[in-house]
Amino acid sequence: MRTSKFFKTGLLLFVASLGLISCGDDDKEPEIVVDPVSENVEYYIEGKVVADNAALEGVSVTAGETTATTDENGQYSLTVKDKKTYTVSFAKKGYKTVSDASVEIANNATNKSLIALNVTMSKEGVPVTVNPEEETVITDKGEGEIKGATSALIVPAGAVSATTDIALTPYWEVSAILNIAITSSQDVALNENVDLFVANTDLSGTYYFDEVEVYEKANARAIGDWKKYADAAFDKETNSYHAVIEKGSSLNQDYSVRVKSEKSVSAVKEDEILKEGSYSNAGNMSATTYDIPYTAKLGWEISASGLDEGALSLVKAAIAAQEGGSEGVYTVNKTFTAHVSGDYILYFSCKAKYVEKEYTFSIAGKKAVAKVKHYLGTDFIYTNQSASMHGGGSME
C-alpha cells in the first residue's frame, strides 16, 4: 500500500510538470522582425534597346552612378534609390550615343516598383568627302542613291567653300519619325541651299503622311530644345519627304522630321493583376522569409483595323517614334523577398501599370486610327498582419 501511494504521488507530480511545460509553450512570444525590405527602399528602371528592329546587346546604360549592360535580348535593369527624374544614357561603339533619355520615379511610386524605358539606337553615319566643285549625294550609308537610304543629303556644287567630310546619322527620339545628325569636318555656313530627304516607310509609295514638319535643334547642348524649321513635302519620285536646308545654315546641325497627329491618352490603369496571394506563418513563433517570383510586362502593342500593309507600316513607324523602342510586349522576371514575423500572415499583390492611347493620322488624304496599349511598369504592394487579427485579409 505504501509503495502504491508513493507511485500515485510521483505520477501526479509528473503530470503537473507536463502541464507547466505545455503552458510555457503556449505563452511563447512570436518573433517580430522589422521587415528590412520596407527600410531598403529602391526602384527599378528596366527596358529594351533595339537597333534595326532587333535587340542590341552590349549597350552601356547609365543613370547617375548606376550602370548596366544590355543582355542578348537587349534588356537591362537599373536599381535607383530616389523619387525623381533620371537622365539615362545609352552607349555602344559604332552607334550614336543616346544621352538625353529621361524617366521619372513619381512621388506616389511604391517601394520596389518598376518603370519602363525603351530606346532605339542607330549606327554612326559613314563620312563622305565633298568636293566643292561637284554635286554630291550623301546617305546614311555613305555616298550613293537616295532610293534605299534612310536619309540623304544632296550638296550642290559650290555649297561648301572647301573640301570637307560630311556624315549623316539617322537616330530616333520620342516625337520624331526620324532625326538626322549632320556632322562636318569643317563648321562652315552653306553657300547654297541643300536638299534633305527622309525615306517613306511604305516602299510602294502608295501611302504617305500628308502633314510632315522639320524641326531644328536650337541648342546643341540642350535636351529636347527644338524649334520648327520648315514643312516637308512628299516627293513621289524618290518616295521620301523632302525639305530644304537654306543657304547660310551650318552643316553641323540636327534636324527632326515629325508627323502631325492627334493623340488621346487615358489615365494610368492598374486593373491587370500579375500576381496576388498570401503566405501564412501562423502558428510558427519564429520569423521567416518568403520569396515571391513574378513576371512584369513591359513594352507596347498596336491594334488597328481597316489598314492594309502599306498604311499600317506608316502608322507603326510613327507610333514607334512616339512610344520608344519597337512594337511588342516583353516580360521581365523578378523576385520579391519578404520577411514575415512569427505568427503573422503576408498578403501581396503585383499590378501592371499601363495607359491606352489613340492616334489619328492623315495618310494619302484619309484618316487612319490606331490604338496602343503601353505597359509603363509595375506596382508591388504587400502587408504583414498578425494571425490573431486575421479575418480573411486581402490587398486592395
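No experiment lies behind these values; they were computed from the predicted model shown. (Residues numbered from 1 in each chain as written. Predicted model: local features only at pLDDT ≥ 70, side-chain atom pairs only at ≥ 80, totals over all residues. Heavy atoms only, no water.)

## Describing the overall build of the chain
Item 1. In terms of helices and strands, the chain carries three helices and 26 strands.
Item 2. Residue burial in the chain is summarised as follows: out of 396 residues, 44% are buried.
Item 3. Within the chain, contacts between residues at least 6 apart in sequence are counted, and of these 71% link residues at least 24 apart.
Item 4. Here the chain displays about 20,300 Å² of accessible surface, and carbon together with sulfur accounts for 48% of that area. (Helix = DSSP H or I, 4+ residues; strand = E, 2+ residues; numbered from the N terminus. Buried < 20%, exposed > 50% of the residue type's maximum accessible area, 1.4 Å probe, protein only. Contact = heavy atoms within 4.5 Å. Areas by Shrake-Rupley, 256 points an atom, 1.4 Å probe, with all protein chains shown as cover.)

## Observations regarding the pattern of salt bridges
Item 1. Summed over all chains, the structure comprises twelve salt bridges.
Item 2. The shortest N-O distance in the salt bridge between K81 and E42 comes to 3.5 Å. Of this pair, K81 sits in the loop between strand 5 (75–80) and strand 6 (85–91) while E42 sits in the loop between helix 2 (36–39) and strand 1 (43–51), and the two are 39 residues apart along the sequence.
Item 3. A salt bridge links K316 to E327, with the shortest nitrogen-to-oxygen separation between them at 3.2 Å. Taken together, the positions of K316 in helix 3 (residues 309–323) and E327 in the loop between helix 3 and strand 24 (328–340) put the pair eleven residues apart, joining distant regions of the chain.
Item 4. What makes E327 partly exposed here is its relative accessible area of 35%. (Salt bridge = Lys/Arg side-chain N within 4 Å of Asp/Glu carboxyl O.)

## Side note on the sheet that holds strand 4 (residues 66–69)
Item 1. With antiparallel pairing, the four strands of this open sheet are ordered in space as 4-3-6-7. Strands with a single pairing partner mark the edges of an open sheet, and in this sheet they are strand 4 and strand 7 (98–104). Adjacent strand axes in the sheet meet at a mean angle of 25°, parallel and antiparallel pairs treated alike.
Item 2. With three bridges connecting them, strand 3 (residues 60–63) and strand 6 associate as antiparallel partners. Bridge pairing in strand 6 links S60 to A91. (Pairing = 2+ DSSP bridges. Axes fitted to C-alpha atoms, helices over the stretch in contact; angles between N-to-C directions.)

## Overview of unusual backbone geometry
Item 1. A positive phi angle, close to 50°, is found at N239, a residue other than glycine.
Item 2. Note on placement: N239 falls in the loop between strand 18 (226–235) and strand 19 (240–245).
Item 3. For N239, a relative accessible area of 14% corresponds to the buried category.
Item 4. Positive phi, close to 60°, is recorded for D343, a residue that is not glycine.
Item 5. Within the secondary structure, D343 sits in the loop between strand 24 and strand 25 (344–363).

## Points about the confidence of the model for the chain
Item 1. For the chain, mean pLDDT is 87; residues scoring 70 or higher make up 88% of the total.
Item 2. Counting contacts from residues 1–25, a segment whose pLDDT is below 50, to residues more than four positions away or on other chains yields zero contacts. (pLDDT = per-residue confidence, 0-100.)

## Describing helix 3
Item 1. Spanning 15 residues, helix 3 covers 20 Å between terminal C-alpha atoms, matching the ideal 21 Å at 1.5 Å per step.
Item 2. Along helix 3, the positions that sit buried rather than exposed are G310, A311, L314, V315, A318, I319, A321, Q322 and E323.
Item 3. Where helix 3 is buried, its residues touch strand 19, strand 21 (262–265), strand 23 (288–303), strand 25 and strand 26 (366–386).
Item 4. Downstream of helix 3 by one or two residues, G324 has phi in the positive range, about 90°. (Expected span 1.5 Å × (residues − 1).)

## A short note on the packing of aromatic side chains
The relative placement of two aromatic rings is captured by the distance of their centres and the angle of their planes.
Item 1. Evaluation of the coordinates by the stated rule reveals twelve aromatic pairs.
Item 2. Aromatic ring contacts, followed pair by pair, group Y294, F336, F380 and Y382 into a single cluster.
Item 3. Between K373 and the ring centre of Y354, over which it is positioned, the NZ or CZ distance is 4.5 Å. (Phe/Tyr/Trp six-rings, centres within 6.5 Å; stacked < 30°, edge-to-face > 60°. Lys NZ or Arg CZ within 6 Å of the ring centre and 35° of its normal.)

## Thoughts on the pairing of strand 14 (residues 164–171)
Item 1. When you tally the buried positions in strand 14, you get seven out of eight residues, the bulk of the element.
Item 2. Relative to strand 14, strand 10 (residues 128–130) runs antiparallel, the two sharing three bridges. Counterpart to T129 in the pairing with strand 14 is D165.
Item 3. Pairing analysis gives six bridges linking strand 14 to strand 15 (residues 178–184), with the strands arranged antiparallel. If you follow P170 over to strand 15, its bridge partner there is I180.

## Some details on the nonpolar core
Item 1. With 42 residues, the main nonpolar core has L153, I166, I182, F209, I319 and F361 as its most contacted residues.
Item 2. Of the residues forming this core, the biggest block, four residues, is contributed by helix 3.
Item 3. Excluding its chain neighbours within four sequence positions, the residues that come into contact with I166 are V126, P127, V128, V130, I138, L153, V155, I182, T183, S184 and L251.
Item 4. One finds V61, A63, Y76 and F90 within the second-largest nonpolar core, a separate group that totals 25 residues. (Core = buried A, V, L, I, M, F, W, Y, C linked by side-chain atoms within 4.5 Å.)

## So, the environment of V49
Item 1. Position of V49 relative to the elements: it lies in strand 1.
Item 2. According to the relative accessible area criterion, V49 is buried, its value standing at 0%.
Item 3. A sequence separation of 68 residues divides V49 from L117, and the C-alpha atoms of the two residues are 8.9 Å apart.
Item 4. If we ignore the near neighbours within four places in the chain, the residues touching V49 are A54, A55, L56, V59, T70, G74, Y76, F90, V119 and M121.

## A look at the side chain of T164
Item 1. On the secondary structure map, T164 appears in strand 14.
Item 2. Within polar-contact distance, the side chain of T164 engages the side chain of S185 at 3.0 Å.
Item 3. Not counting residues within four places of it along the chain, the set of residues in contact with T164 comprises V128, T129, V130, S184, S185 and Q186. (Polar contact = N/O pair within 3.5 Å; in protein donor to acceptor, adjacent residues only side chain to side chain.)

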